Amino acid sequence: MQTAPLGRVLVVDDDPTVAEVVAGYLGRAGYDVDRAADGPAALDRADAHGPDLVVLDLMLPGMDGLEVCRRLRARGPVPVIMLTARGDEDERILGLEVGADDYVTKPFSPRELVLRVESVLRRARAAMAPEPAGPLRAAALTVDPVARRAVKGGVELALTIREFDLLAFFLRHPGRAFSREELMQQVWGWDFGDLSTVTVHVRRLRGKIEDDPAAPSLIQTVWGVGYRLDAGPGPRGDTGRPDRAPDVPRPDHATEGGTGPRA
């Protein structure tokens with residue numbers, strides 16, 4: 001008896017060897033795999049077949065992976081994992097900033113990529129599942145986990161899947177400081193990965209929810225630890241307010257915990 005595929009994955013890479021290897025591993029893992037060799041073909045395939053996830057090479061001929069990712073994200077919340085060359089840190093950060101959910105550097109282990117696909121899809125599907133919770137509120141923000149809507153001052157925010165999950169997580173735990181390792185485990189569901197992923201998403205989220213992202217009043221950097229949401233005096237929904245952990249004072253010469261660019 002043939003089992004249903006775990007999901008449809010679109011693999012976009014102009015290197016036929018890489019595309020064949022990735023498609024082979026994903027196919028053996030139980031995924032229905034489609035392939036494209038350039039940006040326009042990838043967008044056409046995405047429109048025609050509606051993938052559950054896209055594995056996208058950054059260095060494509062003509063339309064590069066960043067532009068493809070922008071256009072994919074503009075069409076809907078499909079998760080994207082970018083394939084990047086080792087050492088291209090600026091390119092990886094740009095990929096995360098335009099909405100990629102994860103990245104894997106070349107050369108990579110195909111088995112690791114399959115695990116990343118499983119993790120990203122699991123988080124994306126969990127995000128779509130209804131939650132028995134009322135709206136979450138802080139200052140001018142209102143987040144509805146069931147409707148997957150975030151509003152600030154009456155204006156709906158355009159958040160990626162991961163940005164929404166990160167904001168909802170902070171709102172469920174106001175006043176508590178989390179390290180980037182903890183956020184990666186709780187929000188991304190990963191026990192490993194580059195901590196700059198968290199940093200970039202916090203920076204992008206600040207740019208969308210803060211009145212002045214350069215001087216944030218909601219998501220605070222806790223020096224030597226990570227980040228904390230200061231909810232302020234705004235009302236909250238019916239989810240209850242967790243116990244407040246004590247603030248961690250900033251050491252004289254401390255930096256943020258972990259490695260990677262500072263948010």
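Residue indices begin from 1 for each chain and proceed along its sequence in written order. Given that this is a predicted model, residues contribute local features only at a pLDDT of at least 70 and side-chain atom pairs are listed and counted only at 80 or more, while totals for whole chains, interfaces and linings are drawn from all residues. Side-chain metrics in this entry use all non-hydrogen atoms of the structure; hydrogen atoms and water are not considered.

**Details of the overall build of the protein chain**
Argument step 1. Each helix is a run of H or I in the DSSP string that is no shorter than four residues. Each strand is a run of E no shorter than two, and both are numbered from the N terminus. A tally of helices and strands in the protein chain yields eight helices and twelve strands.
Argument step 2. Residue exposure (1.4 Å probe, protein chains only): buried if accessible area is under 20% of the type maximum, exposed if over 50%, otherwise partly exposed. Sorting the 263 residues of the protein chain into buried and exposed places 48% on the buried side.
Argument step 3. Considering only contacts in the protein chain between residues 6 or more positions apart, those separated by 24 or more positions represent 62%.
Argument step 4. Carbon and sulfur atoms provide 51% of the accessible area of the protein chain, an area that totals close to 12,300 Å². Contacts are assigned to residue pairs that have any heavy atoms within 4.5 Å of one another. Here, Shrake-Rupley sampling with a 1.4 Å probe gives the accessible areas, and only protein chains in the shown set may cover a residue.

**Structural notes on the sheet that holds strand β4 (residues 80–85)**
Argument step 1. The sheet built from five strands is open, its strands ordered β2-β1-β3-β4-β5 with parallel pairing. The open sheet is flanked by β2 (32–36) and β5 (102–106), the only strands paired with a single partner. For this sheet, the mean inter-axis angle between neighbouring strands, taken without regard to orientation, is 20 degrees.
Argument step 2. To define axes, lines are fitted to C-alpha atoms, for helices over the stretch in contact only, and angles between the resulting N-to-C directions are given on a 0 to 180 degree scale. Helix α1 (residues 16–28) rests against β1 (8–12) and β2 of the sheet, and its axis sits at about 170 degrees to β2. A strand pair is defined by DSSP finding two or more bridges across the two strands.

**Quick look at the nonpolar core**
Argument step 1. Only buried residues count toward a nonpolar core. Its members are Ala, Val, Leu, Ile, Met, Phe, Trp, Tyr and Cys residues joined through side-chain atoms within 4.5 Å. Counting residues in hydrophobic clusters, the biggest one holds 48 residues, and the most contacted among them are L113, V117, L167 and L183.
Argument step 2. Per-element accounting of this core gives the leading share, seven residues, to helix α6 (residues 161–172).
Argument step 3. Those residues in contact with L167 that sit more than four places away from it in its chain are L141, V143, A150, L159, L205 and I209.

**Points about the sheet that holds strand β11 (residues 219–222)**
Argument step 1. Spatial ordering of the open sheet is given by β10-β12-β11, a layout of three strands whose pairing is antiparallel. One side of each edge strand has no neighbouring strand; the edge strands of this open sheet are β10 (177–179) and β11. This sheet shows a mean twist of 30 degrees between the axes of neighbouring strands, independent of strand direction.
Argument step 2. Here helix α8 (residues 196–209) sits on the sheet in contact with β11 and β12 (226–229), set at roughly 145 degrees to β11.

**Remarks on the pairing of β1**
Argument step 1. By the criterion of burial, β1 is predominantly enclosed, with four of the five residues buried.
Argument step 2. Both β1 and β2 contribute to a ladder of five bridges, which runs parallel. Bridge pairing in β2 places V12 opposite A36.
Argument step 3. A clockwise course of the path from the first strand over the helix to the second, judged with the strands pointing away from the viewer, identifies a crossover as right-handed. Note that the unit made of β1, α1 and β2 has a crossover that is right-handed.
Argument step 4. Judged from the four bridges that link them, β1 and strand β3 (residues 53–57) form a sheet pairing that is parallel. By the bridge assignment for β3, V9 is matched with L53.

**Let's talk about the pairing of β11**
Argument step 1. The pairing of β11 with β12 spans four bridges and is antiparallel. Opposite V222, over in β12, you have G226 as the bridge partner.
Argument step 2. In this antiparallel pair of consecutive strands, β11 and β12, the connection spans three residues, and G224 shows a positive phi of 80 degrees.

**A short note on the packing of helix α7 (residues 180–188) against α8**
Argument step 1. As a packed pair, α7 and α8 sit with axes 9 Å apart at the nearest point and diverge in direction by 80 degrees. Relative to α8, the element α7 lies roughly perpendicular. Across from R180, L183, M184 and W188 in α7, the residues of α8 making contact are T197, V198, T199 and H201.
Argument step 2. Classifying every residue of the contact of α7 with α8 by side-chain character gives four nonpolar, three polar and one charged. Each angle receives one of four descriptions, namely roughly parallel if under 35 degrees, roughly antiparallel if over 145, roughly perpendicular if within 65 to 115, and oblique otherwise. Gly is placed with the polar residues, together with every amino acid not listed as nonpolar (Ala, Val, Leu, Ile, Met, Phe, Trp, Tyr, Cys and Pro) or charged (Asp, Glu, Lys and Arg).

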